[in-house]
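Structural features, examined
Below are the chains, spelled out letter by letter.
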Amino acid sequence: MRTWREMRGFPLAVRLLLVNQLGVNTGFYLLIPYLAIHLGENLGMSAAVVGIVLGVRNLSQQGLFIIGGSAADRLGARGVIIAGCALRTVGFALFALGDGLPVLLAASVLSGLAGALFNPAVRAYLAQEAGERRAEAFALFNVFATTGALVGPLLGSALLLVDFRTSALTAAGIFAVLTVAQALVLPARKVDPSGSGVLGDWREVLGNRAFLAFSLAMVGMFTLENQLYLLLPDGAREATGWDGAAGIVFLVGTVANLAFQLRITGYLKSRHDRARWIAVGLTVMALAFLPPVLAPGAVPVLASALLLYLGIMIASPFVMELIPRFGRPELTGTYFGIFYVVSGIAAAVGNTVVGWAMDAGDSAGRAWLPWVCCAVFGAASAGGVAWLRRRGALPAPAEPLREKADA
């Protein structure tokens, strides 16, 4: 299989991080999609309390990405990755062992902080290790992440036949194994000082207006990606009357990702500049939400899912490749951290709008409303990236990293 051939062409550290992402997503999606059900049905908590627990976990992760990114730059990405996986081991174990609200809130904070640590650190390490093959490395990263996002819920639903605690302990066990594997195998790398304090690093990154504009332009990508877990599963269930239809969406998307991600990235990498393909990918993601508007039924929803996955496959590797090139290599982790803070907050607002459109569409008999809303988000993001590209605000892969930091 091409995936394995490409994987063997990378250093051991990259290969470990790819397997790590498969495990991270498997463990995460094994537990988190079923957490609300456990809190509400098994523990009898009110919807408000469930919302607080889930919100604390999300806020702990989204709001602290900048901390994880800065820690990766200053302490070394390896140690931050290991610490993040270890914290998530503890957090998920607490979900299994604790029933009281204080313990559950502690579990939420720890598991969220864990993601805030290792998510930017993994990407920073991968970008540094892959060198000029960053696009291919992040394409493989997508393949392993998407596979984990499919395997996790399937394994979680099977383990729930036993009980939730078994699921949570299994997820904790996965992260414990990952922690040990990284500690034993992941090479340490020399940390180059940034030449300023943490606040100085943040000011430098936040002062990069082209980078901030790009981060905001990517809100459409993150908002539309999240519809794989909101609008598309809901549309599949509505079209078929079968709760399991959402699983078919994930299965088809994972098969498509395994079959085409590396081919798409390899084909596009040498054809025109990467920013153009990011804009094209966002346009495809926007178009993905039109089939259910034009015709009802399961086939249009499936076509929507396939187009959405195609757009992600086109854009995502080049987005991840581009981020470190906005600034100095010593601040790679900080750039990833702030990128995820900005786009994460903006995407949360976007998801709120999509949720409102779903409710408004149901009440007014306008089922097309959330789909059109998503198409507008994608078109706006594509237009934003195309505008930045025309202005020459986006770095090109062949340019030296230091020279582009002042652009």
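Computed from a predicted model, the values in this text were never measured in an experiment.

The next point concerns the overall build of the chain. Within the chain one finds 20 helices and 0 strands. A compact globule built from 407 residues would reach a C-alpha radius of gyration of about 22 Å, and the chain, at 20 Å, matches this within 12%. Viewed in the frame of its principal axes, the chain has a C-alpha envelope of about 55 × 50 × 40 Å. Per-residue burial over the chain gives 55% buried out of 407 residues. When contacts within the chain are restricted to residue pairs at least 6 apart in sequence, long-range pairs at least 24 apart make up 83% of them. As presented, the chain carries roughly 16600 Å² of accessible surface, and 66% of it is formed by carbon and sulfur atoms. Charged side chains in the chain number 30 positive and 23 negative. The centres of these two groups are separated by 7 Å.

Summed over the entire model, instances satisfying the criterion amount to 15 aromatic pairs. Centroid distance F138 to F141: 6.2 Å. Interplanar angle 75°. Geometry classified as edge-to-face. Residue F138 and its partner F141 are located together in helix α8 (residues 134-159), separated by 3 residues, close to a single helical turn. Neither residue differs from the other here; F138 and F141 are each classed as buried. Aromatic pair F214 and F339: ring centres 6.3 Å apart, planes at 25°, arrangement stacked. Pair noted here: F214 is in helix α11 (residues 209-217) and F339 is in helix α18 (residues 332-364), with a separation of 125 residues, a long-range link. When sorted by exposure, F214 lands in the same class as F339, which is buried. Joined through ring pairs, the aromatic side chains of F65, F211, F214, F222, F326, Y335, F339 and Y340 make up one cluster. Across from the ring centre of F10, 4.1 Å away, lies the NZ or CZ of R133, which sits over that ring. For the cation-ring pair, R271 lies above Y267, with the distance from its terminal atom to the ring centre recorded as 3.8 Å.

On to the confidence of the model for the chain, then. A residue-level look at the chain finds 97% of positions with pLDDT of 70 or above and a mean pLDDT of 89. Contacts for the low-pLDDT stretch residues 398-407, under 50 throughout, to residues beyond four places or in other chains number 20 contacts.

Moving on: the pattern of salt bridges. Inspection of every chain in the model, using the stated rule, returns 9 salt bridges. When the shortest N-O distance is used, the salt bridge between R328 and E204 registers 2.8 Å. A residue pair is termed long-range when its members are at least 10 positions apart, and R328 in the loop between α17 (298-322) and α18 and E204 in helix α10 (residues 198-206) qualify at 124 residues.

We now examine the packing of helix α15 (residues 274-287) against α17. Two elements in contact, α15 and α17, have axes separated by 7 Å at closest approach and are oriented at 150°. Here α15 lies roughly antiparallel to α17, going by the angle between them. Between α15 and α17 lies a crossing of left-handed hand. Here α15 contributes R274, W277, I278, G281, L282, V284, M285 and L287 to the contact with α17, which in turn contributes L307, L308, L310, G311, I312, I314, A315, F318, V319, E321 and L322. Its residues placed into classes, the contact of α15 with α17 shows 15 nonpolar, 2 polar and 2 charged.

So, about the environment of L230. Here L230 lies in the loop between α12 (219-225) and α13 (231-240). Given a relative accessible area of 32%, L230 falls into the partly exposed group. Taking C-alpha positions, L230 is 9.8 Å from A246, a pair spaced 16 residues apart along the chain. With residues up to four places along the chain from it excluded, the contact list for L230 reads V354 and M358.

Okay, the nonpolar core next. By size, the foremost hydrophobic cluster in this structure holds 123 residues, and its most contacted members are F214, M218 and F339. Leaving out residues up to four positions away in the same chain, F339 has contacts with F211, F214, S215, M218, F222, V319, M320, I323 and G344.

Moving on, we get to α13. Every buried residue of α13 is accounted for by L231, L232, P233, G235 and A236. Packed against the buried residues of α13 are α14 (245-269), α17, α18 and α19 (369-390). Positioned one or two residues after α13, G241 has a phi angle of 70°, which is positive.

Once that is clear, we can look at the side chain of S60. Mapped onto the elements, S60 comes out in helix α4 (residues 47-62). With sequence-adjacent residues up to four places away left out, S60 is seen in contact with S108, V109, G112, L113 and A116.

Rules of the game
Residues numbered from 1 in each chain as written. Predicted model: local features only at pLDDT ≥ 70, side-chain atom pairs only at ≥ 80, totals over all residues. Heavy atoms only, no water. Helix = DSSP H or I, 4+ residues; strand = E, 2+ residues; numbered from the N terminus. Rg over C-alpha atoms; globule rule 2.2 N^0.38 Å. Buried < 20%, exposed > 50% of the residue type's maximum accessible area, 1.4 Å probe, protein only. Contact = heavy atoms within 4.5 Å. Areas by Shrake-Rupley, 256 points an atom, 1.4 Å probe, with all protein chains shown as cover. Lys, Arg positive; Asp, Glu negative; His and termini not counted. Charge placed at Lys NZ, Arg CZ, Asp CG, Glu CD. Phe/Tyr/Trp six-rings, centres within 6.5 Å; stacked < 30°, edge-to-face > 60°. Lys NZ or Arg CZ within 6 Å of the ring centre and 35° of its normal. pLDDT = per-residue confidence, 0-100. Salt bridge = Lys/Arg side-chain N within 4 Å of Asp/Glu carboxyl O. Axes fitted to C-alpha atoms, helices over the stretch in contact; angles between N-to-C directions. Parallel < 35°, antiparallel > 145°, perpendicular 65-115°, else oblique. Left-handed = near helix turned anticlockwise from the far one by under 90°. Nonpolar A, V, L, I, M, F, W, Y, C, P; charged D, E, K, R; others polar. Core = buried A, V, L, I, M, F, W, Y, C linked by side-chain atoms within 4.5 Å.

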